[in-house]
Amino acid sequence: HRDLHLSIRRQRQMCIRDSSNTVTFNANIAGNTAGFAIGYRDVPQNFTNTSFTLALTDAGKHILTQNTGSSTQTITIANNTSVAFQTGAAITIVVQSTGTVAVANGAGVTMYLAGNSTAKSTVTLNSYSMATLLKIGTDTWMVSGTGAT
């Protein structure tokens, strides 16, 4: 087989092997494949203590809330017509406080708590809990995490 070596920077090389269609490298990469970001992914943080509707910029991030007030903070998942997350979008919510957060489905959104076949209109995240929202269909989301009811 034939190897192609490309020098990217000093002491960083990429090797593309024709026979196995694999790419091996010793460097950091960023880019997209099939519309999905590739490379090392951390979970960037958005911080808020107020109620809001999720936006496309929340995908792939975690939302930290430290709401200690007596009122419940509400995070709403809008329908696909309003906010078109890609299927597979994941958003983690971290409640680092004694307050509670309600994850509410917007009009036309179906939301399930993992392990339960009954759709829910609201999932409550209790104090010091963490849950991930995963879009599994056009207007369908799964919620899974500790302290989610």
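Residues numbered from 1 in each chain as written. Predicted model: local features only at pLDDT ≥ 70, side-chain atom pairs only at ≥ 80, totals over all residues. Heavy atoms only, no water.

**Some words on the overall build of the protein**
From N to C terminus, the protein includes zero helices and 15 strands. Looking at the protein as a whole, 30% of its 149 residues are labelled buried. For the protein, contacts bridging at least 24 residues in sequence account for 53% of all contacts bridging at least 6. (Helix = DSSP H or I, 4+ residues; strand = E, 2+ residues; numbered from the N terminus. Buried < 20%, exposed > 50% of the residue type's maximum accessible area, 1.4 Å probe, protein only. Contact = heavy atoms within 4.5 Å.)

**Description of the side chain of Ser129**
Of note, Ser129 is situated in strand S14 (residues 122-137). Contact partners of Ser129, with chain neighbours within four places excluded, come to Ile93, Val94, Val95, Thr146 and Gly147.

**Points about the confidence of the model for the protein**
Residues at a pLDDT of 70 or more form 74% of the protein, whose mean pLDDT is 85. Long-range and interchain partners of residues 1-12, a stretch whose pLDDT sits below 50, account for 23 contacts in this model, where long-range means more than four residues apart. (pLDDT = per-residue confidence, 0-100.)

**A few points about the pairing of strand S10 (residues 90-95)**
Of all six residues making up S10, five are buried, and the element is well covered by its neighbours. Bridge count between S10 and S14: five bridges; the pairing is antiparallel. Bridging from a neighbouring strand, Ile93 pairs with Ala131 of S14. (Pairing = 2+ DSSP bridges.)

**Points about the environment of Ala78**
Relative to the helices and strands, Ala78 is located in the loop between strand S9 (73-77) and S10. Distance in space between the C-alpha atoms of Ala78 and Thr53 is 6.7 Å, their sequence separation being 25 residues. Those residues within four positions of Ala78 in sequence are excluded, and the remaining contacts are Thr53, Val83 and Val109.

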